[in-house]
Amino acid sequence: EEGCFLFDRVEPHIIERLVFGQKVFASRGSLLIEEGEENSAVFIVGHGWLSISVGGVKVAEVGPGQVVGLYTMLKQCPASADVKVESDVAY
């Protein structure tokens, strides 16, 4: 059987977005993923810093080379945290 079990429930248009990803530029304060909302985006940080907050409390920071949003995108469940741009710009 072809494919990867991780992507069994992922719709083809989402897989296409992963393969043909787009570079997104965001400025300080931009909310990329909202806690409790559906998420269909994966962000791989190339430059800058993002904060991860749960219930308004900052629990982590991610930077270049790190990934956010993958779990909720694959599981098709609400986001468990807010992801916001902390640096002047992130992409």
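These figures come from a predicted structure and were not determined experimentally. (Residues numbered from 1 in each chain as written. Predicted model: local features only at pLDDT ≥ 70, side-chain atom pairs only at ≥ 80, totals over all residues. Heavy atoms only, no water.)

A.B. asks: Account for the pairing of strand β7 (residues 82–85), naming residues and giving values.
C.D. replies: Alternating positions in β7 separate cleanly, Val83 and Val85 being buried on one face and Asp82 and Lys84 remaining unburied on the opposite face. Sheet topology places strand β4 (residues 50–54) next to β7; 4 bridges connect them, and they run antiparallel. Paired with Ser51 across the two strands is Lys84, which belongs to β7. (Buried < 20%, exposed > 50% of the residue type's maximum accessible area, 1.4 Å probe, protein only. Helix = DSSP H or I, 4+ residues; strand = E, 2+ residues; numbered from the N terminus. Pairing = 2+ DSSP bridges.)

A.B. asks: Which residues make up the packing of aromatic side chains, and what values do they have?
C.D. replies: Under the definition given, this model contains 1 aromatic pair. Measuring from ring centre to ring centre gives 5.0 Å for Phe25 and Tyr91, while their planes differ by 45°; the resulting arrangement is tilted. With a gap of 66 residues between them, Phe25 in the loop between α1 (12–19) and β1 (26–27) and Tyr91 in the segment after β8 (89–90) connect regions that are remote in the sequence. By relative accessible area, Tyr91 is classed as partly exposed at 34%. (Phe/Tyr/Trp six-rings, centres within 6.5 Å; stacked < 30°, edge-to-face > 60°.)

A.B. asks: I'd like a description of the side chain of Ser87, backed by residues and values.
C.D. replies: Position of Ser87 relative to the elements: it lies in the loop between β7 and β8. Residues contacting Ser87, with those up to four places away along its chain left out, are Ser27, Arg28, Gly48 and Trp49. (Contact = heavy atoms within 4.5 Å.)

A.B. asks: Give me the sheet that holds strand β5 (residues 57–62): which residues, what numbers.
C.D. replies: Reading across the sheet, the 4 strands line up as β2-β7-β4-β5 and stay open at both edges, with antiparallel pairing between neighbours. Two strands bound the open sheet, and with one partner strand each, they are β2 (31–33) and β5. On average, each strand axis in the sheet is tilted by 30° relative to the strand beside it, whichever way the strands run. Pairing of β4 with β5, which is carried by 5 bridges, proceeds in the antiparallel orientation. Directly across from Ser51, in β5, lies its bridge partner Glu61. (Axes fitted to C-alpha atoms, helices over the stretch in contact; angles between N-to-C directions.)

A.B. asks: Any chance you could break down the nonpolar core for me, citing the residues and the numbers?
C.D. replies: Among the nonpolar cores identified, the biggest contains 14 residues, and Leu50, Ile52, Val62, Val68 and Val83 are the most heavily contacted of them. Contributing elements (two or more residues each) for this core: β4 and β7. Discounting chain neighbours no more than four positions away, the residues touching Ile52 are Val57, Lys58, Val59, Ala60, Val62, Val68, Ala81, Asp82 and Val83. (Core = buried A, V, L, I, M, F, W, Y, C linked by side-chain atoms within 4.5 Å.)

A.B. asks: I'd like a description of the side chain of Ser53, backed by residues and values.
C.D. replies: Secondary-structure assignment places Ser53 in strand β4. If we skip the residues at most four places from it in the chain, Ser53 touches Glu35, Lys58, Val59, Ala81 and Asp82.

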